[in-house]
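Next come the chains, spelled out residue by residue.
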Amino acid sequence: MKDPVRVAVTGAAGQIGYSLLFRIASGQMLGEDQPVALQLLEITPALDALKGVAMELEDCAFPLLTEIVQTDDPEVAFGDVNYALLVGSRPRSKGMERKDLLEANGAIFTVQGRALSSSAASDVKVLVVGNPANTNALIAMSNAPDVPNDRFTAMTRLDHNRAKAQLAQKTGTSVNDVTKMTIWGNHSATQYPDIFHAEVGGRSAAELVNDQGWLESEFIPTVQQRGAAIIEARGLSSAASAANAAIDHMRDWALGTPDGDWVSMAIPSDGSYGVPEGIISSFPVTCSGGEYSIVQGLEIDEFSQGRIDATVAELQEERDTVAELGLV
Ligand code: NAI
């Protein structure tokens, strides 16, 4: 058996936490030969609820689960962690402006960035799920001087998986046939799900579909608005599929992407594809040996470029707002 790794999850008593923790503890994230210690962070009023979740984790008698830490102190939660999944955040409440939302989350992610910097293991990998995820990741990264920037990522894998499912349905195939899907930009309604490099059974997806009307008026809006559609239908947000995507994101980052395919991750831009440095934006990436790299050399046509520019512009605006607030 390998030595245990330490995995922090924030917002652990929330909806996503309830779907996520059991899968991490069962080995679905890091492999069935990898013991894990869970370090769970919640706000003080939610510690009782967290205790209930921890009791259920114990009652599963997971062979791989070595320890459960429950705390409201970020320094404790992030102590020596190798993986940190930042799920807890401040949701938008009625009448809240975007600036207020960014400010409220700034209060959380500055503190958590500092705590990661001072307490986490030197190999820590961070995934921000809590919205606005890209900019929350930017805030945490900017406040963590001792953690290399490239360890901060935000989740667009749910969008990626949604796009694969929509394309499989349209082409009457299985998701297993769909490869090389790309989400560009922000995890928000401006994101751009790009099928121009995607393949279905090894053939060009765009050529197979050959329906620009469907692309523009069905596929892209469906993927962009899927979260809202699930809230409308279920009365609650898409927690299980978000947890599933978080598992996928971390597993692929840690253990690698399959040959001949790639995934979408929001990562600090290095200027690739003209996306300015200084924002955390979604790109097509491959992962190997615990590192990700952007898929280079894809041809971007005018339609795609316009969509990428729009979502990148939104990220730059968010960055400017949090910079004005002194959070980055
Ligand atoms: P939830 O409201 O059920 O749970 C959030 C939990 O975070 C609560 O238990 C709360 O007490 C806790 N929390 C709040 N502030 C905290 C802090 N400073 N430290 C530690 N814990 C804190 O929400 P749910 O459904 O679990 O969603 C969590 C976040 O994930 C939301 O921001 C949601 O918008 C986002 N999300 C992101 C997706 C993505 O694709 N990137 C997809 C779906 C949800």
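- The protein chain appears in an unreviewed UniProt entry as Malate dehydrogenase from Actinomarinicola tropica.
- Recorded in UniProt under Function (unreviewed entry), the annotation for the protein chain is "Catalyzes the reversible oxidation of malate to oxaloacetate."
- Listed in UniProt under the heading Sequence similarities (unreviewed entry), the comment for the protein chain reads: "Belongs to the LDH/MDH superfamily. MDH type 2 family."

### Thoughts on the UniProt feature "domain: Lactate/malate dehydrogenase C-terminal" (unreviewed entry) in the protein chain
Point 1. With numbering aligned to this structure, UniProt lists the feature "domain: Lactate/malate dehydrogenase C-terminal" (unreviewed entry) at residues 156-324.
Point 2. The distance from the first to the last C-alpha atom of residues 156-324 is 26 Å, and the span holds 49% helix and 18% strand.

### Considering helix α2 (residues 47-59)
Point 1. Helix length check: α2, at 13 residues, gives a terminal C-alpha distance of 18 Å against a target of 18 Å (1.5 Å per residue), a fit within 8%.
Point 2. Every buried residue of α2 is listed here: Leu50, Val53, Ala54 and Leu57. Mapping the buried residues of α2 onto a view down its axis gives an arc of 100°, with all of them on the same face. Residues of α2 that are exposed and point more than 90 degrees away from the buried face comprise Asp48, Glu58 and Asp59.
Point 3. Where the residues of α2 are buried, they touch α1 (15-26), β2 (36-41) and β3 (65-71).
Point 4. Immediately beyond the C-terminal end of α2, within one or two residues, lies Ala61, with a positive phi of roughly 45°.

### A few points about the sheet that holds strand β7 (residues 178-179)
Point 1. Reading across from one edge, β7-β10-β11 is the order of the three strands in this open sheet, with antiparallel pairing throughout. Here the strands that pair on one side only, and so sit at the sheet edges, are β7 and β11 (203-204).
Point 2. Where β7 and strand β10 (residues 199-200) come together, two bridges link them in antiparallel fashion. Among the inter-strand pairings, Val178 is bridged to a residue of β10, identified as Val200.

### Looking at the UniProt feature "domain: Lactate/malate dehydrogenase N-terminal" (unreviewed entry) in the protein chain
Point 1. UniProt annotation of "domain: Lactate/malate dehydrogenase N-terminal" (unreviewed entry) refers to residues 5-146 when read in the numbering used here.
Point 2. Across residues 5-146 one finds 43% helix and 19% strand; the C-alpha atoms that close the span lie 20 Å apart.

### Brief notes about the environment of Ile16
Point 1. Looking at where Ile16 falls in the secondary structure, it is placed in helix α1.
Point 2. Overall, the relative accessible area of 19% leaves Ile16 in the buried class.
Point 3. Not counting residues up to four positions away in its chain, the partners in contact with Ile16 are Val87, Val129, Ala239, Ala242 and Ala243.

### A look at the site of the ligand
Point 1. Of all residues adjacent to the ligand, which total 22 residues, the nearest are Gln15, Ile16, Glu42, Ser89 and Asn131.
Point 2. At a separation of 2.9 Å, an oxygen atom of the ligand approaches a polar backbone atom of Ile16.
Point 3. Gln112 is positioned with one of its side-chain polar atoms (N or O) 3.5 Å from a nitrogen atom of the ligand.
Point 4. About the coverage of the ligand: the protein hides 80% of its 870 Å² of free accessible area.
Point 5. Counting only elements with at least two residues in the shell around the ligand, the list comes to α1 and α4 (98-119).
Point 6. Taken together, the residues of the shell around the ligand sort by class into eleven nonpolar, ten polar and one charged.

### Quick notes on the pattern of salt bridges
Point 1. Counted according to the given criterion, the structure contains 13 salt bridges.
Point 2. Close ionic contact of Arg98 with Glu317 constitutes a salt bridge, the shortest N to O distance being 3.2 Å. Taken as a pair, Arg98 in helix α4 and Glu317 in helix α11 (residues 302-324) lie far apart in primary sequence, 219 residues in all.
Point 3. Judged by relative accessible area, which is 27%, Arg98 ranks as partly exposed.
Point 4. Between Arg251 and Asp252 there is a salt bridge whose closest N-O contact spans 3.5 Å.
Point 5. According to the relative accessible area criterion, Asp252 is buried, its value standing at 6%.
Point 6. Where salt bridges share partners, they join Arg98, Glu314, Glu317 and Glu318 into one cluster.

Cut-offs applied
Residues numbered from 1 in each chain as written. Predicted model: local features only at pLDDT ≥ 70, side-chain atom pairs only at ≥ 80, totals over all residues. Heavy atoms only, no water. UniProt positions renumbered as here; feature names shortened; annotations may be inferred. Helix = DSSP H or I, 4+ residues; strand = E, 2+ residues; numbered from the N terminus. Expected span 1.5 Å × (residues − 1). Buried < 20%, exposed > 50% of the residue type's maximum accessible area, 1.4 Å probe, protein only. Arc of directions from axis to C-beta. Contact = heavy atoms within 4.5 Å. Pairing = 2+ DSSP bridges. Near = heavy atom within 4 Å. Polar contact = N/O pair within 3.5 Å; in protein donor to acceptor, adjacent residues only side chain to side chain. Areas by Shrake-Rupley, 256 points an atom, 1.4 Å probe, with all protein chains shown as cover. Nonpolar A, V, L, I, M, F, W, Y, C, P; charged D, E, K, R; others polar. Salt bridge = Lys/Arg side-chain N within 4 Å of Asp/Glu carboxyl O.

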